Amino acid sequence: MASSTPPPLTTTKPYQNHHLPHHHHNHQTHPHNHRQSVHHHQWTALKKPPPRHAAKPPPGPTTTTTTSTSTSPNFPSLSSLPPSTKSDLSADFSGRRSTRFVSKLHFGRPKTAFASRHTSSAEEALHLAIRHRSDDNNSSHIDSLLLNFQHKLSGTDDYTFLLRELGNRGEYSMAMRCFEFAVRRERRRNEQGKLASTMISVLGRLGKVDLARKVFDTAVVEGYGNTVYAYSALISAYAKSGCCDEAIKVFETMKSCNLKPNLVTYNALIDACGKGGVGFDLASEIFDEMLGNGVQPDRITFNSLLAVCSGVGLWETARNLFSEMVYRGIEQDIYTYNTLLDAACSGGQMDVAFEIMSEMPTKHILPNEVTYSIMIRGCAKAGRLDKALSLFNEMKFAGINLDRVSYNTLLAIYASLGRFEEALSVGNEMESMGIKKDVVTYNALLDGYGKQGKYDKVKELFSEMKAEWLSPNLLTYSTLISVYSKGDLYKEAMEVYNEFKQKGLKADVVFYSKLIDALCKKGLVESSALLLDEMTEKGIQPNVVTYNSIINAFGQSATGECPDGIIESLVQSSPSVFFREENDEDDSIIKIFEELAAENSCHSKQDNRIGQEISCILGVFQKMHNLRIKPNVVTFSAILNACSRCNSFEEASMLLEELRLFDNQVYGVAHGLLMGQRENVWMQALSLFDEVKQMDSSTASAFYNALTDMLWHFGQRQGAQLVVLEGKQRHVWENTWSDSCLDLHLMSSGAARAMVHAWLLNIRSVVFEGQELPKLLSILTGWGKHSKVVGDGMLKRAIETLLVGMGAPFRVAQCNIGRFTSTGALVTAWLRELGTLKVLILHDDRKHTGTATLELRPPFQTIPL
């Protein structure tokens, strides 16, 4: 959920496109036209019959324990195309989820060896070329060297060897000169084509995709580039740079030229889907076309498909792909398992991931540094930081050296925990191992110190970073702007943004999402929606996380927008704060920063705030439908939370209507419970809770919290208690209660209050059975470390008000401001009082239902996950 989102609760929605038949010979219709489709191929059956010697299909969906067959079909070799999980790595660790994470981790690993027929003269020429390269990177000396060796070099094989080896050393300028030299002297078109394909591949591997395109275009014009190999090399070059649109266009042009794609072509195209971050549908359609044209997949094909799944969090699809791979008799390698692990981690299936990792040695595949990096990141994302740290110790014990990715991950974990001494110690250890701190290292420290509110240290680190001649990247600037915005340091945020613009950097979806999230934390729904419009106008596709942030911000604004003219007056009185460049007049981000700063001096409330925000949220829903952004369980939780902040049933009904359009099952359960129809919908609710339980623990608990909060807010107290007890039984919240302690950590206000009633009723039954209560009873709420006033958290205040209203003898503990305590004797006496039972039993408050406009839409539809 990567930077990954949980899978949706359903797979069929009113706005979805169903899987369409392919038209392989109609070039007006190609897979790219359907990239926004949210349908997934479920991979429940094989695409075509497996080889005779293939293993039998594994029983059931649990394929991770299936043993692969030792025999493997003789698929064509892919020596010219490395696996997708071995593609270029522009940055080891970005501090956020990336759809190319697994590919990045594998960068720099040993490449598959290919048979080379080059001569010793080619090796000698390479040695001299590298030894005598000029310090100013002027590669002109290669021309004279090649002139001296032209009679010793044995044709294309020697020159392709030189191109590859120069490329492996990053010497693309010398490689280009060598290519031009060789092509001019070669008269055979097919040999020129081999040189062109090799050069395009080298440039693609180095990320020089524009130069690769020029080589390709020149080769086509001069008559030696119109080959399957040249097209495939260019598709692969675009894939390595994540340019899926361009790769698709080249693929369609190739077919229009009556060139038949081969296995290398299809693998490169599927690889482009993974690195381009597109949906799985497109990759699935390409795979279908591949099989339809009689091209059999190999290990690289499946590794690339798995990489697409890991990028978009499709764990179930990845597991079924792995099963089909075994069924076809295709052996797995370390990249297969690492990509499967990444899919499991991004899907929140950490327990399954550990099972997969433990099975790897039984297949004679030992976990490597990439394996551990994936698992450690997965644990960190799931909040299992202690487990992540223990994996580092296990990694060292296994004799696996930490690389840059591992060190940066470890440092990021310590920084996120606020353990800065250990984080800095990791940085020092990195440097002692010869690995200098890079931009990723500093990004992690900036984010960690920013979350702890240590803004002076943030400024110091940013200055230190630039003093080390490290150029801040897009994530650096987006992190700083987010940190300063959340800390009300708008002048600093604006200064960083102006520097960002001066650098000529272009905002991407992460930049906007971070800024929108910062605005949402302030409850500025309308400003966030404004940036959402700006994103789409600039051609930047928002993701579901961006929409979830805005929906969840509904009703959280503490103050209204400032009256017209207040910003202008503040700008005039404080020009140094609102310094504008000449081209900033139409800059929405600058205007929003000014509005935020002005809001600090303006606390006027508006009665129509909720009404305005509802209009904004409904507009956000419409954009999701128009762009076919598929909601997930976090979206549903956000909608339910928004309902909890509505002042009336009528307002909530508008939001629930959108929930119905997104997912009829979730709507039916929420609506039925809200209307007090527990007997009619409870079986459907249990089915829904079964699906939610498949999510990671934080996502599942968030859904239960949102549902109970909405029910409690609108007076359905018994329904809220029923839901919260179901959550307790399913262990949604760990260590919820015992006879002596009730732990309300991670519970929402409504869920916690319903749980307090249930716990006290349980204790009362113990008392009336004649058993003695423990000497000390505790209710833990947490001390509100994220609250503006430490020790004054919202949950603590809600529980304190509830206990006082009941007359319960619990008081705040002196040694722990987040704990309410009482003696067993006092609680026993209070529970035996005549009026206590009456206050403990919850009753539904139906005063809102008279104005309800909600209506259950038949038929009630249950759709499996």
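Rules of the game
Residues numbered from 1 in each chain as written. Predicted model: local features only at pLDDT ≥ 70, side-chain atom pairs only at ≥ 80, totals over all residues. Heavy atoms only, no water. Helix = DSSP H or I, 4+ residues; strand = E, 2+ residues; numbered from the N terminus. Buried < 20%, exposed > 50% of the residue type's maximum accessible area, 1.4 Å probe, protein only. Areas by Shrake-Rupley, 256 points an atom, 1.4 Å probe, with all protein chains shown as cover. Pairing = 2+ DSSP bridges. Axes fitted to C-alpha atoms, helices over the stretch in contact; angles between N-to-C directions. Contact = heavy atoms within 4.5 Å. Salt bridge = Lys/Arg side-chain N within 4 Å of Asp/Glu carboxyl O. Parallel < 35°, antiparallel > 145°, perpendicular 65-115°, else oblique. Left-handed = near helix turned anticlockwise from the far one by under 90°. Nonpolar A, V, L, I, M, F, W, Y, C, P; charged D, E, K, R; others polar. Expected span 1.5 Å × (residues − 1). Arc of directions from axis to C-beta.

Let us now look at the overall build of the protein. When helices and strands are tallied, the protein shows 39 helices and four strands. Relative to its 865 residues, the protein shows a buried fraction of 56%. For the protein, the accessible surface area stands at approximately 37,800 Å², while carbon and sulfur atoms represent 50% of it.

Two modes of strand pairing occur in sheets, parallel and antiparallel, and in both the strands are linked by backbone hydrogen bonds. Pairing in this open sheet of four strands is mixed, and the strands run β1-β2-β4-β3 from one edge to the other. Of all strands in the sheet, those with a lone pairing partner are β1 (741–743) and β3 (811–813), marking the two edges. With direction set aside, neighbouring strand axes in the sheet form an average angle of 30°. By the bridge criterion, three bridges tie β3 to strand β4 (residues 816–823) in an arrangement that is antiparallel. Looking across to β4, one finds that V812 is bridged to F820. Strands in contact with helix α38 (residues 824–831) are β2 (776–780) and β4; relative to β4, the strand with the most contacts, it is inclined by about 65°.

The next thing to look at is the pattern of salt bridges. Per the stated rule, a full pass over the model turns up 25 salt bridges. Ionic pairing is found between R419 and E422, a salt bridge with its closest N-O pair at 2.7 Å. Judged by relative accessible area, which is 31%, R419 ranks as partly exposed. Measuring nitrogen to oxygen at the nearest pair gives 3.2 Å for the salt bridge that ties D844 to R678.

Remark: helix α16 (residues 369–381) packs on helix α18 (residues 404–416), axes separated minimally by 10 Å, with the N-to-C direction vectors making an angle of 15°. By the angle between their directions, the pair α16 and α18 is classed as roughly parallel. For α16 against α18, the interelement crossing comes out left-handed. The residues of α18 that touch α16, namely those facing E369, S373, I376, R377 and A380, are V405, S406, T409 and I413. Split by residue class, the contact of α16 with α18 holds four nonpolar, three polar and two charged.

With that settled, the discussion passes to helix α5 (residues 172–185). Since one α-helical turn is 3.6 residues long, residues separated by three or four positions face the same way. Between its first and last C-alpha, α5 extends 20 Å over 14 residues, near the 20 Å set by a 1.5 Å rise per residue. Considered for burial, the residues of α5 that qualify are M174, A175, M176, C178, F179, F181, A182 and V183. Packing partners of the buried residues in α5 comprise α2 (120–131), α3 (141–149), α4 (155–168), α6 (189–205) and α7 (209–221).

Bridge count for β2 against β4 is five bridges, and the pairing is antiparallel. Directly across from S778, in β4, lies its bridge partner T821. Linking two consecutive strands that pair antiparallel, namely β3 and β4, is a turn of two residues.

Before going further, it helps to examine helix α37 (residues 794–806). Along its 13 residues, α37 runs 19 Å from first to last C-alpha, staying within 8% of the 18 Å computed at 1.5 Å per residue. Listed in full, the buried residues belonging to α37 are L795, K796, A798, I799, L802, L803 and M806. Summarising the axial view, the buried residues of α37 lie within an arc of 165°, below the 170-degree limit, and thus occupy one face. Those residues of α37 that are exposed and aimed more than 90 degrees away from the buried face are M794, T801, V804 and G805. Looking at the buried residues of α37, the elements they touch are α36 (749–768), β2, β3, β4, α38 and α39 (836–840). The first or second residue beyond α37 is G807, which carries a positive phi of 80°.

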